[in-house]
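Observations on the model geometry
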Amino acid sequence: MDDVEDQADEIIQQFRQLAWAVPISRDHMLKVVEEMPPEVREHVHERAQKSAAQLTAFWAELQDLTASLPTDIPWPESLIERLARLRLSIKGALREVDLLAEDLQCLFGEPADSKTCN
């Protein structure tokens, strides 16, 4: 196997791992919303449900993309670079969802770890 095939395999594996982070972030967000006091939850529940639906649709697209990446032909360097940027963007967006959920948990719920709340 040459370097291009190694890079392709590595990228596919990273995307598979990243795909599983999507439902984890979604579920974390929903759990935090459900644990909010009822007077707060009623204001954010619908938005959280819409966001969860979008994350679920995104998860399905990410899984489809990962499954459709060719493994039997060399990838152009430009594709490798674009996928690397996409992976970093997805990773950053999911991190922001998790940080927002942690902030909401600190403000309105029981913090899982009091060290993370300021």
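Since this is a predicted model, take the numbers as computed values, not measurements. (Residues numbered from 1 in each chain as written. Predicted model: local features only at pLDDT ≥ 70, side-chain atom pairs only at ≥ 80, totals over all residues. Heavy atoms only, no water.)

This part is about the side chain of aspartate 98. By secondary structure assignment, the location of aspartate 98 is in helix α3 (residues 77-108). Despite its burial, aspartate 98 pairs with no opposite charge, the nearest such side chain being arginine 95 at 5.1 Å. (Helix = DSSP H or I, 4+ residues; strand = E, 2+ residues; numbered from the N terminus. Buried < 20%, exposed > 50% of the residue type's maximum accessible area, 1.4 Å probe, protein only. Lys, Arg positive; Asp, Glu negative; His and termini not counted. Salt bridge = Lys/Arg side-chain N within 4 Å of Asp/Glu carboxyl O.)

Before going further, it helps to spend a moment on the environment of alanine 21. Residue position: alanine 21 is located in helix α1 (residues 3-34). Separated by 28 residues in sequence, alanine 21 and glutamine 49 place their C-alpha atoms 18 Å apart.

This part is about the environment of alanine 53. Structurally, alanine 53 can be placed in helix α2 (residues 38-68). The spatial distance from the C-alpha of alanine 53 to the C-alpha of arginine 26 is 8.8 Å, given a sequence separation of 27 residues.

Our focus in this paragraph is α3. Helix length check: α3, at 32 residues, gives a terminal C-alpha distance of 47 Å against a target of 46 Å (1.5 Å per residue), a fit within 8%. Among the residues of α3, those classed as buried are Ile80, Leu83, Arg87, Ile90, Leu94, Asp98, Ala101 and Gln105. (Expected span 1.5 Å × (residues − 1).)

Keep in mind that these numbers describe shape and distance, not what the molecule does.
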